[in-house]
Amino acid sequence: PYLLLGIFCVVNYIIPYFMWAYKGAHSELILYLRLLGALACGLLIVKDKWPKSLLPYLPTFWHLTLLYCLPFTSTVMFLLTQGSVEWLINVALTIMFLITLVDWMSFTILTILGIALGFLFYQLVIGPINLHLDFSTGYLLVYTLTFSTLIALIFSRRKEQHLEAKLHEIADHYHTMGQAGAHTHPAAVRIATMIDHQ
């Protein structure tokens, strides 16, 4: 889903009014972070124009773009805006969007790494984290993180189970054809064997 993520994130970084209307102390840093994210996503959109020598690195670039655009940027923006409601909502959307794009293991690694790098970046560039959240905002943050993660993981697991069932169905179909004596293309046999090994 390289193109899908690229288009979505470019639009997300450019259009929302509340992000451009922010007039806090670090508005220039926010602008640079957003422009870098839009640039990375723009490169995903034009991936077909990449030189062939760079195409093997596309999956790595994809995961780095996911890491930067979703958990890292959301964490930094949340800290820079002192836990604004807009970025609280964005954190929930980030969690759900990330889990739909990757499997749960990648989701866990990217989320933990992105949040840790976001906190580290904030401390190195801005200084000590001094987040003043009132009780209701803190409660809402914990609630949002907990339930958006649970919902995303449940739906992600169902997606993986559906994919596993489809793969087993394909493997069973080709094994049945092979036992019945029907001519099966060697590539189909190799695919069925690989599915069985998985």
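Here, the structure is the one placed above.
This text gives an overview of the structure that appears in the document.

1. Let's talk about the overall build of the protein
Scanning the protein for helices and strands turns up eight helices and zero strands. Along the protein, from the amino end to the carboxyl end, the secondary structure elements read α-α-α-α-α-α-α-α. Sorting the 198 residues of the protein into buried and exposed places 35% on the buried side. In the protein, 72% of the contacts between residues at least 6 apart in sequence involve partners at least 24 apart. Working note: accessible area of the protein is about 12,500 Å², and carbon and sulfur atoms make up 71% of it.

2. Describing the packing of aromatic side chains
Taken as a whole, this structure holds five aromatic pairs when the rule is applied. Judged by centre distance (5.4 Å) and plane angle (70°), the ring pair of W50 and F61 falls under edge-to-face. Taken together, the positions of W50 in the loop between helix 3 (27-45) and helix 4 (58-80) and F61 in helix 4 put the pair 11 residues apart, joining distant regions of the chain. Accessibility expressed as a relative area gives 22% for F61, which makes it partly exposed. Through pairs of rings, three or more aromatic residues link up here, namely Y68, F72 and F121.

3. Considerations on the nonpolar core
Counting residues in hydrophobic clusters, the biggest one holds 37 residues, and the most contacted among them are L5, L33, L66, L80, L98, L101 and V102. Only helix 1 (2-14), helix 3, helix 4, helix 5 (85-101) and helix 6 (104-125) provide two or more residues apiece to this core. With 13 residues, helix 4 is the largest single contributor of residues to this core. Residue contacts for L101: discarding those within four places in its chain leaves P1, L5, W62, L66 and L70.

4. Observations regarding the packing of helix 5 against helix 6
For the pair helix 5 and helix 6, interaxial distance at closest approach is 8 Å and the crossing angle is 140°. Our classification of the angle between helix 5 and helix 6 gives oblique. Taken as a pair, helix 5 and helix 6 cross one another with a handedness that is right-handed. Together, I95, L98 and I99 of helix 5 and W104, F107, L110 and T111 of helix 6 make up the contact between the two elements.

5. Let's talk about helix 3
Residues spaced three or four apart along an α-helix point in a common direction, a consequence of the helix completing one turn every 3.6 residues. Taking 1.5 Å of rise per residue, the 19 residues of helix 3 would be expected to cover 27 Å, and the 27 Å separating its terminal C-alpha atoms lies within 8% of that figure. L29, I30, L33, R34, G37, A38, A40, C41 and L44 are the residues of helix 3 that are buried.

6. Here we look at helix 4
Its 23 residues give helix 4 an end-to-end C-alpha distance of 31 Å, which sits within 8% of 33 Å, the value for a rise of 1.5 Å per residue. Considering bend angle alone, the principal kink of helix 4 is centred on T73 and spans about 40°. Most of helix 4 is tucked away: 18 of the 23 residues are buried. Phi for Q82, located one or two positions after helix 4, is positive at around 55°.

7. A look at empty space enclosed by the protein
Under the defined criterion, the tally for this structure stands at one cavity of 30 Å³ or more. Approximately 70 Å³ is the volume found for the largest cavity. Taken together, 10 residues make up the lining of the largest cavity; nearest its centre are N12, Y13, C69, W87 and N90. Of the residues assigned to the lining of the largest cavity, the class counts are six nonpolar, four polar and no charged.

The rules behind each value
Residues numbered from 1 in each chain as written. Predicted model: local features only at pLDDT ≥ 70, side-chain atom pairs only at ≥ 80, totals over all residues. Heavy atoms only, no water. Helix = DSSP H or I, 4+ residues; strand = E, 2+ residues; numbered from the N terminus. Buried < 20%, exposed > 50% of the residue type's maximum accessible area, 1.4 Å probe, protein only. Contact = heavy atoms within 4.5 Å. Areas by Shrake-Rupley, 256 points an atom, 1.4 Å probe, with all protein chains shown as cover. Phe/Tyr/Trp six-rings, centres within 6.5 Å; stacked < 30°, edge-to-face > 60°. Core = buried A, V, L, I, M, F, W, Y, C linked by side-chain atoms within 4.5 Å. Axes fitted to C-alpha atoms, helices over the stretch in contact; angles between N-to-C directions. Parallel < 35°, antiparallel > 145°, perpendicular 65-115°, else oblique. Left-handed = near helix turned anticlockwise from the far one by under 90°. Expected span 1.5 Å × (residues − 1). Bend = angle between axes of the 7 residues up to and from the residue. 1 Å grid on protein atoms, 1.4 Å probe; cavity = no way out; pocket = protein on both sides within 12 Å on 5 of 7 lines; lining within 4 Å. Points joined across faces, edges and corners; volume = space filled by probe spheres on them. Nonpolar A, V, L, I, M, F, W, Y, C, P; charged D, E, K, R; others polar.

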